[in-house]
Amino acid sequence: MLKKLMSAAVLAAAAATAHAAPQSYEITYRGFQAVHDGVFEPDRTLKVTFTVDDLDHNGSYSLDELLALDSNRIAYSGSCDIIHCVDIFTWTPGALPTFSARYINNNGFDFTMQSIVTGESHKSFYQSSFGFRYDYTWDWTPATTATITAVPEPASFGMLAVGLAGMVALGRRRRAHG
């Protein structure tokens, strides 16, 4: 009985002192209007992953709580640099995030730009010093859909394995004792 009481006390103390760790999410946007030819492309997708930490514990996230955002060439890691930047970010779970992100690189031979403004458009532009060029813009429409999923942290899989091993051990112990 004392073991059970001590175990419960330890678990309660651990739960009371726990801080939610940063969490990663993946959004898949599907269905965009191609500006260059005016055709709606229902299978055109845009994948975005981001990691947030609710520093002020209010249940929603701002730019200050965005740790990373990745999509195609955009690779933001908590602060803007010359190439990667997120200008706006807000999100409350249960809704879709609002953000504006960009990638701009001019290495002297090529100029590459990608941008995403949620609810408006995502763009890809490339110009080489040898004359090759592409410029694509896809607009959000009322038919654009989005799916957001949490990306499990590696520690979650470890906790799952420990929990399953505990359940197996408990089951074997019960069978062994009748």
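Placed above this text is the structure.
Keep in mind that what you see is a predicted model, and the values were worked out from it rather than measured. Residue numbers here run from 1 along each chain, matching the order of that chain's written sequence. Given that this is a predicted model, residues contribute local features only at a pLDDT of at least 70 and side-chain atom pairs are listed and counted only at 80 or more, while totals for whole chains, interfaces and linings are drawn from all residues. Excluding hydrogens and water, the side-chain figures rest on all heavy atoms present in the structure.

Before going further, it helps to spend a moment on the state of the cysteines. Count a disulfide wherever a pair of cysteine sulfur atoms falls within 2.5 Å. Per the counting criterion, the structure on display carries one disulfide. Put simply, C80 and C85 are joined by a disulfide, and their sulfur atoms are 1.9 Å apart. Judged by the torsion about the S-S bond (65 degrees), the C80/C85 disulfide is right-handed. Accessibility here uses a 1.4 Å probe with only protein chains present; expressed as a share of the type maximum, an area under 20% marks a residue as buried, one over 50% as exposed, and anything in between as partly exposed. Of the residues examined, C80 reaches a relative accessible area of 39% and is grouped as partly exposed.

Our next topic: empty space enclosed by the protein. Using only the protein atoms, space was sampled on a 1 Å grid; points where a 1.4 Å probe fits but cannot get out form cavities, open sets with protein on both sides within 12 Å along at least five of seven lines form pockets, and lining residues are those with an atom within 4 Å of a point. Grid points are joined across faces, edges and corners, and a volume is the space filled by probe spheres set on the points. Throughout the structure, instances matching the rule amount to one cavity of 30 Å³ or more. Space inside the largest cavity adds up to approximately 40 Å³. Taken together, L46, S71, N72, I74, Q114, S115, I116, H122, K123 and S124 form the lining of the largest cavity. Secondary structure elements follow DSSP: runs of H or I of four or more residues count as helices, runs of E of two or more count as strands, with numbering from the N terminus. Contributions of two or more residues to the lining of the largest cavity are made by β8 (110–117) and β9 (121–128). Three classes are used, and their members are as follows: Ala, Val, Leu, Ile, Met, Phe, Trp, Tyr, Cys and Pro are nonpolar, Asp, Glu, Lys and Arg are charged, and the others, Gly among them, are polar. Residues belonging to the lining of the largest cavity are distributed by class as follows: three nonpolar, six polar and one charged.

Moving on: the packing of aromatic side chains. Stacked, tilted and edge-to-face pairs are distinguished by plane angle, under 30 degrees for stacked and over 60 for edge-to-face with tilted covering the rest, among Phe, Tyr and Trp rings (Trp via its six-membered ring) whose centres lie within 6.5 Å. One pass over the structure, following the stated rule, counts 14 aromatic pairs. Arranged with centres 5.3 Å apart and planes meeting at 85 degrees, the rings of F50 and W91 form a pair that is edge-to-face. With a gap of 41 residues between them, F50 in strand β2 (residues 40–52) and W91 in strand β6 (residues 84–91) connect regions that are remote in the sequence. Given the relative accessible area of 1%, F50 is considered buried. Classification of W91 by relative accessible area gives buried; the value is 4%. A ring pair is formed by Y126 and Y134, whose centres lie 5.7 Å apart and whose planes are at 20 degrees; its orientation type is stacked. Overall, the relative accessible area of 25% leaves Y134 in the partly exposed class. Among the aromatic residues, ring-to-ring pairing joins Y25, F50, Y61, F89, W91 and F99 into one connected group.

With that out of the way, let us pick up unusual backbone geometry. A positive phi angle, near 55 degrees, is found at H57, a position not held by glycine. Inspection of the secondary structure assignment puts H57 in the loop between β2 and β3 (61–62). In this structure, N72 is a non-glycine residue whose phi angle is positive, near 50 degrees. On the secondary structure map, N72 appears in the loop between β4 (66–71) and β5 (74–76).

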